[in-house]
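# Tertiary structure, described
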Amino acid sequence: MTTQMSILQIRLKNCIQTILELEPDFDDRLWGRHFNNEISALKAYLQRVDRMALAEGDVQRLEAATANFLAELKLFAQAWPQQNRLLQ
């Protein structure tokens, strides 16, 4: 059963999982500890996505925010060559 709601949930899960896949890179760096609370919150949200009522606009904003976050991390990695493992 693929309804509009489940498609939105899949899209939101994809955003969250994309960021969570970076957790090992965060942990490998000194600044990683600054993301511990956010990573924990994302893990909790991921467990609840199937029960969330989502709207297209909200998911689009979260997708845009995820893309912006990843772009900023990529810029950071380019500015700091020793950080290049992140987002290669």
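Residues numbered from 1 in each chain as written. Predicted model: local features only at pLDDT ≥ 70, side-chain atom pairs only at ≥ 80, totals over all residues. Heavy atoms only, no water.

So, about the overall build of the protein. Along the protein, the regular secondary structure elements total four helices and zero strands. Every one of the 88 residues in the protein was classed for burial, and the buried ones make up 28%. When contacts within the protein are restricted to residue pairs at least 6 apart in sequence, those whose partners lie at least 24 apart make up 73%. Accessible surface for the protein amounts to roughly 6000 Å². Of this, 55% is attributable to carbon and sulfur atoms. (Helix = DSSP H or I, 4+ residues; strand = E, 2+ residues; numbered from the N terminus. Buried < 20%, exposed > 50% of the residue type's maximum accessible area, 1.4 Å probe, protein only. Contact = heavy atoms within 4.5 Å. Areas by Shrake-Rupley, 256 points an atom, 1.4 Å probe, with all protein chains shown as cover.)

In this section: the pattern of salt bridges. As enumerated under the stated definition, the model contains five salt bridges in all. Among the ionic pairs, Glu56 bridges to Arg11, the shortest N-O distance being 2.9 Å. With Glu56 in helix α4 (residues 56-79) and Arg11 in helix α1 (residues 4-20), this residue pair connects regions lying 45 residues apart in the sequence. Residue Glu56 is classed as partly exposed on the basis of its relative accessible area of 29%. Residue Asp58 pairs with Arg61 through a salt bridge whose shortest N-O separation is 2.3 Å. With Asp58 and Arg61 both in helix α4, this residue pair falls three residues apart, about one helical turn. The class for Asp58 is partly exposed, based on a relative accessible area of 37%. In this structure Arg61 comes out as exposed when scored by relative accessible area, which is 54%. Put simply, Arg11, Glu56 and Glu63 are held in one network by salt bridges that share partners. (Salt bridge = Lys/Arg side-chain N within 4 Å of Asp/Glu carboxyl O.)

Our focus in this paragraph is the layout of surface pockets. Here the idea is plain: a probe the size of a water molecule rolls over the atoms and shows the empty space left. Approximately 180 Å³ is the volume found for the largest pocket. In terms of lining, the largest pocket is formed by Leu12, Cys15, Ile16, Ile19, Ala41, Leu42, Tyr45, Met52, Leu62, Ala65 and Thr66. Put simply, the parts of the chain that give the lining of the largest pocket at least two residues each are α1, α3 (36-48) and α4. The element that contributes the greatest number of residues to the lining of the largest pocket is α1, accounting for four residues. A class-by-class count of the residues in the lining of the largest pocket yields ten nonpolar, one polar and no charged. (1 Å grid on protein atoms, 1.4 Å probe; cavity = no way out; pocket = protein on both sides within 12 Å on 5 of 7 lines; lining within 4 Å. Points joined across faces, edges and corners; volume = space filled by probe spheres on them. Nonpolar A, V, L, I, M, F, W, Y, C, P; charged D, E, K, R; others polar.)

Note on soluble globular proteins: their nonpolar side chains tend to be buried together. Within the largest apolar cluster, 14 residues are counted, with the highest numbers of intra-cluster contacts made by Leu12, Ile16, Leu20, Phe26, Leu42 and Leu54. Among the secondary structure elements, those contributing two or more residues to this core are α1, α3 and α4. Here this core takes five residues from α1, the largest share from any one element. (Core = buried A, V, L, I, M, F, W, Y, C linked by side-chain atoms within 4.5 Å.)

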